[in-house]
Amino acid sequence: MSISNLKQKKSRITIFNEPVICRFCSHDVFIPYEVNVNVEQPGIGVRHARDIAICQHCGEVKLFGDPSYYDAEKDNFIWALNQHLLSVRKYKIKILLYVGKRNNDKITSFINKLIQVLSIEVENMSDLQGGVLLQIKLSSLNEMQTIRFIIIDTAKRMNITIKDLTIK
Ligand SMILES: [Zn+2]
């Protein structure tokens, strides 16, 4: 059994703080997978889970073990593998919202809440069809659905009606 639990995402991987580097192209971005491999004795059919990492530059497959160990002296488990995910994404978002009677305080609170929760940046704000069109951008590790959920939930809590929401 593998105990490494690496996520199958583009990442840099370290073994005892040493970066894993592709021996062919010297790049260091990989996607790790857990695979089952046959162990030496042919015919016995013993299979073990191992970790492999595929170089995202040249496609070379690197097979590696997990040298994590138990330090009896310190009564401590020393984890060897570390993963640094690279999946920060940039989003551009348009929100068309209504707050009943034009209510700038409410819009300001809504924006402040989004800054607090999602670290958004406001790019533009304009009146449109009796509402307010808000254009914002943000960088996040969150998936698009999660961001959509957070925005809609935040608006709901503040009694703000979202008429249209596009996330790209
Ligand atoms: Zn490579």
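Residues numbered from 1 in each chain as written. Predicted model: local features only at pLDDT ≥ 70, side-chain atom pairs only at ≥ 80, totals over all residues. Heavy atoms only, no water.

A. Examining helix H2 (residues 144-157) more closely. Over its 14 residues, H2 extends 20 Å from the first C-alpha to the last, a length consistent with the 20 Å expected when each residue adds 1.5 Å. Restricting attention to buried positions, one finds in H2 the residues Ile-147, Ile-150, Ile-151, Thr-154 and Ala-155. All buried residues of H2 lie within an arc of 125 degrees about the axis, which places them on one face of the element. Along H2, exposed side chains directed more than 90 degrees from the buried face belong to Gln-145, Phe-149, Lys-156 and Arg-157. Once H2 ends, the next one or two residues include Asn-159, with phi positive near 55 degrees. (Helix = DSSP H or I, 4+ residues; strand = E, 2+ residues; numbered from the N terminus. Expected span 1.5 Å × (residues − 1). Buried < 20%, exposed > 50% of the residue type's maximum accessible area, 1.4 Å probe, protein only. Arc of directions from axis to C-beta.)

B. Structural context of the coordination of the zinc ion. Around the zinc ion, the protein contributes the donor atoms Cys-22 (SG), Cys-25 (SG), Cys-55 (SG) and Cys-58 (SG), at 2.3 to 2.4 Å from the metal centre. Coordination at the zinc ion comes from four donor atoms whose angles at the metal span 100 to 117 degrees, giving a geometry best classed as tetrahedral. All donors of the zinc ion come from a single chain, and their spacing in sequence reads C-x2-C-x29-C-x2-C. Here Cys-58 lies in the loop between strand E4 (47-55) and strand E5 (61-64) and Cys-25 lies in the loop between strand E2 (18-19) and strand E3 (30-38), a separation of 33 residues in the sequence. By relative accessible area, which is 40% here, Cys-58 ends up partly exposed. (Donors = N, O, S within 2.8 Å, 3.2 Å for Na, K, Ca; no water. Tetrahedral: all angles 85-135°; square planar, octahedral: opposite > 155°, others 65-115°.)

C. Expanded view of the packing of aromatic side chains. Here the structure, examined in full by the defined rule, presents two aromatic pairs. Seen in terms of ring centroids, Phe-77 and Trp-79 are 4.7 Å apart; in terms of plane orientation they differ by 50 degrees. Their pairing is tilted. Trp-79 sits in the exposed class, given a relative accessible area of 54%. Sitting over the face of the ring of Tyr-98, Lys-163 holds its NZ or CZ atom 5.7 Å from the ring centroid. (Phe/Tyr/Trp six-rings, centres within 6.5 Å; stacked < 30°, edge-to-face > 60°. Lys NZ or Arg CZ within 6 Å of the ring centre and 35° of its normal.)

These values are about where atoms sit, not about what they do.
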